[in-house]
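# A look at the structure
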Amino acid sequence: MLTRLLLATALGALAAGTALAQTPVKIGVLNDRSGVYADLSGEGSVVAARMAVEDFKAADKGLKVEIVSADHQNKPDVGASLARQWYDRDGVDAIFDVPTSSVALAVAQVSREKNKAFIDSGAGTADLTGPQCAPTTVHWTYDTVALANGTGSAMVKRGGDTWYFLTADYAFGQALQRDTTAVVTKNGGKVVGSVKTPFPTSDFSSFLLQAQASKAKVIGLANAGGDTINAIKQAAEFGITEGGQALAGLLIFSSDVHALTPKVAQGLVFTEPFYWDLNDGTRAFSDRFAKLSGGKKPTAVQAGVYASVLHYLKAVEALKESGDGTKVVAKMKELPTDDPLFGKGTIRPDGRKIHDMYLFEVKKPGESKNPWDLYKTLATIPAAEAFRPLNEGNCPLVAKN
Amino acid sequence: MITILGVPMQALFGQLLLGLINGSFYAILSLGLAIIFGLLNIINFTHGAQYMMGAFVAWMLLNYAGLGYWWALILAPIIVGLFGVILERLLIARLYKLDHLYGLLLTFGLALIIQGLFRNEYGVSGLPYAIPSELSGGQRLPFMFLPNYRGWVVVASLVVCIATWLVIEKTKLGAYLRAATENPTLVQAFGVNVPLLLTLTYGFGVALAAFAGVLAAPVYSVNPNMGADIIIVVFAVVVIGGMGSILGSIVTGFTLGLIEGLTKVFYPEASSTVIFVIMVLVLLVKPAGLFGRTA
């Protein structure tokens with residue numbers, strides 16, 4: 001007994017120790033490290049992954065975890081070739097995060113082909129667990145359907161029954177517009193028009209003017225990151241909201257609102273699965289995270305990386321191996337999820353992680369007490385209602401069951 | 001209501017005006033590039049980074065020194081211009097005798113380093129910078145709501161462009177500059193300090209970029225990538241106008257802003273590529289650009 005205890009301690013100290021049968025696990029965090037999504041994912045996601053490994057006490061549980069990271073530059077070809085290189089040459093067992101839907105879809109294909117686990121936090125497209133679902137994919141944090149459900153129906157219920165979309169012209173924007181349109185029409189609203197904006201765009205004035213001319217009550221921003229920031233900033237300048245039109249941010253992160261400041265973003269309504277100031281668990285995590293990231297609070301994407309790495313390690317610990325992606329993901333679906341950030345939840349057969357979503361509103365400048373005091377919670381959308389029903393996603397994995 | 005290809009006339013006016021505003025940024029930036037290329041024969045790829053630095057210096061002046069927009073409009077170009085002078089003296093001056101390619105590689109590398117440093121320090125989400133209170137609000141024109149600030153951008157950039165053009169075309173200093181472009185050795189023989197002239201020209205071109213950066217700060221997100229996004233378009237503008245042609249860069253800057261504005265109405269998906277399509281067409285017909293001299 002004493003020897004075993006001593007051995008365990010020695011192993012804990014020597015993270016690189018090779019003495020006993022430790023299961024090696026190599027995690028790759030693949031995201032945008034220099035472009036428009038670098039603040040909502042980027043280095044923060046790597047920090048979150050490291051915190052998860054630390055909190056899991058991986059070394060004590062016989063796992064030898066190594067984390068690598070890379071920049072996919074928001075380009076599907078770059079992302080796919082990095083994934084290939086990681087799997088083939090560098091012995092990576094699982095890829096995490098991957099914002100930018102077009103890149104995520106490409107990496108999902110590579111992971112399936114190589115039978116490695118792909119646990120996405122940053123990307124939006126619900127196709128990852130829909131027609132393009134794979135036995136190796138888990139989609140953790142949010143998706144376009146959940147965003148559309150939350151914000152779309154809330155806006156229609158508030159009287160915003162005519163919509164005009166500013167849509168980022170790539171997989172994510174199109175998926176978001178499609179899914180929001182479905183929710184808006186289901187709730188009795190109407191879409192009067194849309195414009196596809198090149199990704200990324202810095203000047204939205206022309207598109208905003210077209211939206212203004214449409215007289216739609218709601219202008220839906222089917223974009224993300226820097227695009228959304230520019231669009232909201234310029235909408236304020238052109239007096240869009242003063243003119244009686246409401247902006248609906250279909251994908252907003254706390255890093256965006258922080259950059260915009262409540263003065264510009266006040267009153268904006270949107271859906272997110274996580275906010276640092278939700279409860280004691282999120283606050284404790286966020287304080288630790290902020291200390292490691294120059295004072296920045298974590299975004300939902302970074303929180304998702306933390307929680308998903310934690311759950312992944314649980315599955316690997318149970319299996320005592322990490323090489324077979326299908327097996328690991330099957331184990332992840334079998335085990336219930338439980339973490340301080342998203343609470344208790346499950347992963348469905350199609351790979352969709354299920355948890356509550358929240359409808360938030362940006363505080364007015366007077367209500368915000370510090371630069372990160374940004375949201376107030378309007379409503380909690382229960383897990384069961386937040387996501388697309390399992391049988392409506394056209395996922396082949398579900399059809400077979 | 002009169003419509004053109006299904007777009008109401010009034011909406012079209014609004015879009016043309018917006019195009020003109022974007023054209024203002026293109027014009028100031030391409031003007032600086034054209035001056036630097038015309039005189040120094042350096043393809044200044046750092047221009048985008050210097051534009052970004054202009055916006056960041058405006059933000060720093062406000063947050064660290066409490067100096068507002070109007071001060072920034074004067075001080076930021078001077079500060080960034082001085083940075084340009086140092087850069088020219090330390091590094092760029094050593095490349096004049098070499099091929100264009102070396103200047104391009106050096107300035108491109110510098111741009112990456114500068115952007116990387118800012119990204120490391122400030123992240124990519126951008127920093128808030130408000131429109132000065134004197135220029136907030138807007139005018140309700142018959143065809144659109146024009147924010148006062150955007151009107152100011154057009155006026156300010158027109159004034160700067162015309163003033164620069166006048167200095168270069170109508171003053172003695174401008175005559176030296178043009179002569180030095182033509183034949184530096186001969187001008188030096190007349191007792192003009194050509195190296196100093198080159199340094200100051202580079203500093204001035206950089207200051208123009210910083211000026212555009214300050215103009216952009218209240219309307220675009222102030223982030224380290226803002227220059228990288230716009231610089232490629234501005235290079236296309238310079239190529240279309242004719243490398244080194246002062247008037248060409250101003251006229252093309254505004255014109256391409258208008259064309260881009262129209263594209264955003266009729267075929268928005270192509271609005272980020274239309275300028276490059278025009279560039280290809282122009283180069284096929286006039287390889288030296290619209291206003292360029294054929295060697």
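If you're wondering where the values come from, they're calculated on a predicted model, not measured in any experiment.

## Description of helix 2 (residues 47-64) of chain B
Residue and element names in this part refer to chain B.
- Taking 1.5 Å of rise per residue, 18 residues should cover 26 Å, and helix 2 covers 25 Å from first to last C-alpha, within 8% of that figure.
- Of all 18 residues that make up helix 2, 13 are buried, and the element is covered over most of its length.
- Residue glycine 66 follows helix 2 closely and has a positive phi angle near 70 degrees.

## Structural notes on the interface of chain B and chain A
- Taken residue by residue, the interface counts 32 residues in chain B and 32 residues in chain A.
- Only helix 1 (9-40), strand 4 (145-147), helix 9 (226-241) and helix 10 (246-266) of chain B provide two or more residues apiece to the side of chain B that touches chain A.
- With 5 residues, the top contributor of residues to the side of chain B that touches chain A is helix 1 of chain B.
- When grouped by side-chain class, the residues that make up the side of chain B that touches chain A number 15 nonpolar, 13 polar and 4 charged.

## Focus: the sheet that holds strand 4 (residues 117-120) of chain A
All names here are of chain A.
- The strand order across the open sheet built from 5 strands is 2-1-3-4-5, with neighbouring strands paired in parallel fashion. Looking at the sheet topology across the chains shown, the edges are occupied by strand 2 (63-71) and strand 5 (137-139). The average undirected angle you get between the axes of adjacent strands in this sheet is 20 degrees.
- Examined bridge by bridge, strand 1 (residues 23-31) and strand 2 share 9 bridges and lie parallel to one another. When the sheet's bridge partners are listed, glycine 28 is paired in strand 2 with valine 68.
- The strands that helix 4 (residues 101-114) touches are strand 1, strand 3 (94-97), strand 4 and strand 5; relative to strand 4, the one it contacts most, it runs at about 160 degrees.

## Regarding the UniProt feature "domain: Leucine-binding protein" (unreviewed entry) in chain A
- Sites flagged by UniProt as "domain: Leucine-binding protein" (unreviewed entry) map to residues 24-364 of chain A.
- Helix and strand shares over residues 24-364 of chain A are 44% and 21% respectively, and the end C-alpha atoms of the span are 49 Å apart.

Parameters and conventions
- Residues numbered from 1 in each chain as written.
- Chains lettered and ligands numbered in written order.
- Predicted model: local features only at pLDDT ≥ 70, side-chain atom pairs only at ≥ 80, totals over all residues.
- Helix = DSSP H or I, 4+ residues; strand = E, 2+ residues; numbered from the N terminus.
- Expected span 1.5 Å × (residues − 1).
- Buried ≥ 20, exposed ≤ 12 C-beta atoms within 10 Å, placed from the backbone.
- Contact = placed C-beta atoms within 7 Å.
- Nonpolar A, V, L, I, M, F, W, Y, C, P; charged D, E, K, R; others polar.
- Pairing = 2+ DSSP bridges.
- Axes fitted to C-alpha atoms, helices over the stretch in contact; angles between N-to-C directions.
- UniProt positions renumbered as here; feature names shortened; annotations may be inferred.

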